[in-house]
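Secondary and tertiary structure notes
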There are 2 protein chains.
Amino acid sequence: MIQSVQRAAALLKAFDSDTPELGVNDLSRRVGLHKSTASRLLATLEHAGLVERVPGTEKYRLGFELVRLAGYVRHYGDLRELARPVLADLAAQTSETVHLAVLDGDEVINLEQIEAPHMLREANWVGRRTPLHCVANGKALLAWLPDPQSAAIYAAPLAQYTDRTITDPHLLRRQMAQVRRCGYAVALGEIEIGLHAVAAAICDRDGLPLAAVSVSGPAYRVTPQRIDALGALVVAAATTIAGRML
Amino acid sequence: MIQSVQRAAALLKAFDSDTPELGVNDLSRRVGLHKSTASRLLATLEHAGLVERVPGTEKYRLGFELVRLAGYVRHYGDLRELARPVLADLAAQTSETVHLAVLDGDEVINLEQIEAPHMLREANWVGRRTPLHCVANGKALLAWLPDPQSAAIYAAPLAQYTDRTITDPHLLRRQMAQVRRCGYAVALGEIEIGLHAVAAAICDRDGLPLAAVSVSGPAYRVTPQRIDALGALVVAAATTIAGRML
DNA sequence: CGATCTGTTGCATGATATGAAACTTGTTGC
DNA sequence: GCAACAAGTTTCATATCATGCAACAGATCG
């Protein structure tokens, strides 16, 4: 474990969507470093293009080199590129935002986000991790998850995000049975008020869930009446992607 | 300049699309480090999630943390998010791949890539830098570039990529005059045989080029007959984005 | 103008990253 | 089945190199 590299990585991770620009002092305080140390580490990171200075103020922000490197991340790369056209299709058909997500431990991680045409911007969820029980993608995965893993999810306490979040494991279990029956999962304002989503799992030939596709949008557009139709579309998309993978 | 951080960054940059997975020896040789040093640096990077080990072979590849961090890169973030729906629209209308690019020094850097529905995968160009004179986006920017900068481009030797690459500065200058007349730029197999593209610049109120939008596809789909129609569409998209920015 | 906050730069110190070599582990060849 | 080889990790002594302090330089503010 090399200390200076660890510290440099910590500096990178100190940035987030709330604070896209930070000064040396802010950063050193967050990470717990001397400002002189932080200053030199940041200068090195800047030299590498991993951070940059904002022209006006002299604060730091994450650099474009990260975007370039992220393009080479091969993890799930095949799945992503394979799925992309299908996802674009789904976004066009539904005029809503589409996500592709996979299971990572006991969380869902978003691999891809495709905005529908004509829509206002939506926050970027790519790379974000969420629990399984309160998002549509997570539920779609959970529904087909075999026993040792799924039991662990039900056993752990289920965090409450809104008043619609399901925190009762028995209720969740029953809902998952229904997901297996109809093929798609639904989450209505369970992680964020007003955010509705429908998702379907992409399973391998053994029936194990590999990934999930979702369509999501504001409650006033993704209404209860539309859910059946959207469900059919996400299931179709998931089936298409699964077909391409095998 | 902190040596170990510089070396760690060099290790990250040693990965590219040709070699997505590398062993400790490969990496140490590429960067010019002792394998023991490389081993420790990589272990640290792995701990930070910036690289991961491939489950089967124990080689390293870039980690998903990079994708997460890249999502927070705010550089041109506004432009990107603002442009995204328009780009998605353009992709849907043309059924071809759409790119958004900006000028970075004397090169073009791709910020965004949107795949059209129904299409086979295209290589990822996001983050890649290309010269100005042989890609449609670059020409669109070059055409509106004011004198001190554009003169430097024409003065420098123009690299030849295919037999259709324009390497004569006078010819290029004349073509740029035509771009200013019709509003869009065209590149036909000038950086890669069989890759055709049409692009238009997004200019600020002073007429300075800020970014460019392009539509590209294989030569058999992006035919000379379609170019006029595609030109009109990219110009419309560029105008829409420019309008949203001001 | 003094006061305060932010960020960079010398400098002495010793903590820490380094390279050589030893040691594992896995693979290939005979 | 064993030897030879390659890839990777670990140990250890060494001195390099990162560190923290303090002083300095700008900027902002009252």
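The following paragraphs examine the structure supplied in this document. (Residues numbered from 1 in each chain as written. Chains lettered and ligands numbered in written order. Predicted model: local features only at pLDDT ≥ 70, side-chain atom pairs only at ≥ 80, totals over all residues. Heavy atoms only, no water.)

A closer look at the environment of B:Gln6
Basically, it comes down to this: Comment: elements are numbered from the N terminus, with helices defined as DSSP H or I runs of at least four residues and strands as E runs of at least two. By definition, residues are in contact when any of their heavy atoms lie within 4.5 Å.
Positionally, B:Gln6 belongs in helix 1 (residues 3-13). If we skip the residues at most four places from it in the chain, B:Gln6 touches A:Thr44, A:His47 and B:Met1.

As for the protein's contact with DNA strand D
Selection rule: When we say a residue is near a molecule or strand, we mean one of its heavy atoms is within 4 Å of it. For the purposes of these results, a polar contact is taken to be a pair of N or O atoms within 3.5 Å, where, inside protein, one atom must be able to donate a hydrogen and its partner to accept one; residues adjacent in sequence count only when each atom of the pair is a side-chain atom. Gly falls in the polar group here, along with every residue not listed as nonpolar (Ala, Val, Leu, Ile, Met, Phe, Trp, Tyr, Cys, Pro) or charged (Asp, Glu, Lys, Arg).
In the vicinity of DNA strand D there are 18 residues, among which A:His34, A:Thr37, B:Gln3, B:Lys35 and B:Ser39 approach most closely. Here, DNA strand D places atoms within 4 Å of the protein, and 66% of those atoms are sugar or phosphate. Between B:Gln3 and DNA strand D, the recorded distance is 2.5 Å, taken from a backbone N or O atom to a phosphate oxygen. Take B:Ser39: an N or O atom from its side chain is 2.8 Å from a phosphate oxygen of DNA strand D. It is helix 3 (residues 35-47) of chain B that contributes the most residues to the surface near DNA strand D, four residues altogether. Grouping the amino acids of the surface near DNA strand D by side-chain chemistry returns three nonpolar, 10 polar and five charged.

Some thoughts on the protein's contact with DNA strand C
In the vicinity of DNA strand C there are 19 residues, among which A:Asn25, A:Ser39, A:Arg53, B:His34 and B:Thr37 approach most closely. Per the 4 Å cut-off to the protein, sugar and phosphate atoms form 72% of the nearby atoms of DNA strand C. One nitrogen or oxygen atom from the main chain of A:Ser4 is found 3.4 Å from a phosphate oxygen belonging to DNA strand C. Measuring from a phosphate oxygen of DNA strand C, one finds a side-chain N or O atom of A:Ser39 at 2.7 Å. Of all the secondary structure elements, the ones that give two or more residues to the surface near DNA strand C are helix 1 (3-13), helix 2 (24-31) and helix 3 (35-47) of chain A together with helix 1 and helix 3 of chain B. By residue number, the principal contributor to the surface near DNA strand C is helix 3 of chain A, which donates four residues. Counted by class, the surface near DNA strand C contains three nonpolar, 10 polar and six charged residues.

Here's the deal with the relation of the copies chain B and chain A
Using the following cut-off: Copy-to-copy superposition: least squares on the C-alpha atoms, limited to residues that have pLDDT of at least 70 in both copies.
Rotating chain B by 179° and translating it 0.1 Å along the rotation axis places it on chain A, where the RMSD comes to 0.1 Å. Such a combination of rotation and displacement between the chain copies is what one expects of a two-fold axis. Identified as the residue of chain B closest to the rotation axis by C-alpha distance is B:Val5, at 2.6 Å.

Describing the packing of aromatic side chains
How we decide: Only centres within 6.5 Å qualify two rings of Phe, Tyr or Trp (six-membered ring in Trp) as a pair; their planes then separate them into stacked at under 30 degrees, edge-to-face at over 60, and tilted for everything else. Only when the NZ atom of a Lys or the CZ atom of an Arg is both within 6 Å of the ring centre and within 35 degrees of the ring normal do we say a charge sits over the ring.
Within this structure, the stated rule accounts for zero aromatic pairs over all chains. Across the ring face of A:Trp125, the terminal group of A:Arg128 is positioned such that the distance to the ring centre comes to 4.6 Å.

So, the side chain of B:Glu96
Residues and elements named next belong to chain B. Quick note on the threshold: Three exposure classes are used, based on accessible area relative to the maximum for each residue type with a 1.4 Å probe and protein chains only: buried under 20%, partly exposed in between, and exposed over 50%.
Tracing the backbone through its elements, the reader meets Glu96 in the loop between helix 5 (77-94) and strand 3 (97-104). Overall, Glu96 belongs to the buried group, its relative accessible area being 1%. Only 2.8 Å separates the side chain of Glu96 from the side chain of Arg221, close enough to count as a polar contact. Within polar-contact distance, the side chain of Glu96 engages the side chain of Arg226 at 3.1 Å. In this view, Glu96 contacts Ala91, Ile114, Ala116, Val215, Ser216, Gly217, Pro218, Arg221, Val222 and Arg226; residues no more than four positions away in its chain are not counted.

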